[in-house]
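# Structural characterization, general
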Amino acid sequence: MNRLLFGTFFFFIFTVMNLIGYSQSATDFLSINYSAISKSEFKDQVGEAQLNHFDFNFVTPTIQLNTKTKINNIIYYRLSNYQYSSFPNSIEIVPQELHEIKYTLLTRHKFNSTWELLLVPRISIRSDFKDNLNSNDLFPAVSTIVMKTSQKNEHLKWGFGLNYNNDLGKNSIIPILAFSYVADKMKLSTYFPNNANLIFLPSKKIEYGFGFTTDPTLFHINTIDSIEYLRTLNVAVHPTFSYNLSSNFWLNAKGGWVLRRNFDFYNSDFESPTDDFENQLKASAFVQIGVSFRTK
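Every value quoted in this text rests on a predicted model; they were computed, and no experiment measured them. (Residues numbered from 1 in each chain as written. Predicted model: local features only at pLDDT ≥ 70, side-chain atom pairs only at ≥ 80, totals over all residues. Heavy atoms only, no water.)

With an omega of 15 degrees, the peptide bond between Phe 192 and Pro 193 qualifies as cis. Its identity as a non-glycine residue notwithstanding, Ser 247 has a phi of 50 degrees, on the positive side. With respect to the helices and strands, the residue Ser 247 is situated in the loop between strand 13 (229-246) and strand 14 (249-266). Note on Ser 247: relative accessible area 48%, which makes it partly exposed. (Helix = DSSP H or I, 4+ residues; strand = E, 2+ residues; numbered from the N terminus. Buried < 20%, exposed > 50% of the residue type's maximum accessible area, 1.4 Å probe, protein only.)

We now examine the nonpolar core. Proteins that are soluble and globular tend to have nonpolar side chains buried together. In this structure, Tyr 82, Ile 221, Phe 263 and Phe 265 are the most contacted members of the largest nonpolar core, which totals 19 residues. Every element with two or more residues in this core is listed here: strand 2 (48-59), strand 4 (69-85), strand 13 and strand 14. The element that contributes the greatest number of residues to this core is strand 14, accounting for 3 residues. Setting aside anything within four residues of it in sequence, one finds Tyr 82 in contact with Ala 49, Gln 50, Leu 51, Gln 96, Leu 98, Thr 232 and Phe 263. (Core = buried A, V, L, I, M, F, W, Y, C linked by side-chain atoms within 4.5 Å. Contact = heavy atoms within 4.5 Å.)

The pairing of strand 1 (residues 28-41) with strand 16 (residues 284-294) spans 9 bridges and is antiparallel. Among the inter-strand pairings, Leu 30 is bridged to a residue of strand 16, identified as Phe 293. The pairing of strand 14 with strand 16 spans 10 bridges and is antiparallel. Its bridge partner lying in strand 16, Ala 253 is registered against Ile 289. (Pairing = 2+ DSSP bridges.)

Turning our attention to a nonpolar patch on the surface. The grouping of Tyr 34, Tyr 208, Phe 241, Tyr 243, Leu 245, Leu 251 and Ile 289 at the surface amounts to a nonpolar patch, some 620 Å² of accessible area in total. Here the nonpolar patch gets 3 residues from one element, more than from any other, and that element is strand 13. Along the chain, Phe 241 turns up in strand 13. (Patch = residues over 30% accessible without salt bridge, like charges linked within 9 Å, V, L, I, M, F, W, Y side chains within 5 Å. Areas by Shrake-Rupley, 256 points an atom, 1.4 Å probe, with all protein chains shown as cover. Salt bridge = Lys/Arg side-chain N within 4 Å of Asp/Glu carboxyl O.)

Rendered as structure tokens:
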């Protein structure tokens, strides 16, 4: 069934790519990645865990609502596959496969040449799919960021905002600091605390740089009595490399270190029943390889 769904989705994506044109500035409108986080021991529990991801992200063409407002729809899917060993009997039925399906609406409104607003609502379905979907599998979020363009340098922007999410816990509100700078041979983008990337552009076919990524996720699970949610957190630092294979087709790679890894079980009140259900994994290496299709 999963293979049929994957095949249908990819057929749809590549058909759409061949039928439509893209008007937005150069960006990856389709990316497909596979990543692996190496086996690591739990800090305070007996056992080890290894994590593999398969994900793809699709950004639709820009829709110009009026002279000041434009939107993009973003569709994302990720399959997370855990492999456990030496787990205690009390939690040996932890789900191995976790799914995330996410829809994001990226809205940009330009007030004038200096100020603009980013409004980014999203809804995620996160589940082990061991039971029928319900409201517990839905995780809404929204980010609002006000950006200012420097009057001395139009390539320099900074801003601030707030993010409401259900990623680390129930109804979290987190401040956002944003910074963007684009030059001929370098670009820097930061949406702290979520991510930051410094990319160098030595030629039209090669890009390399450094980055960090904070990846919190809260999944509804159906396989453990009295437990409703699994919360994971992976904070990674990594170099990156991209190579333009041909036309708008790019090969992308990154590898580095996951410095912090949380693996916590929550009940229906988004609390851990005991300290035994609050876990951290030791730091471990990771690698990611993927391809993307980029607008010109």
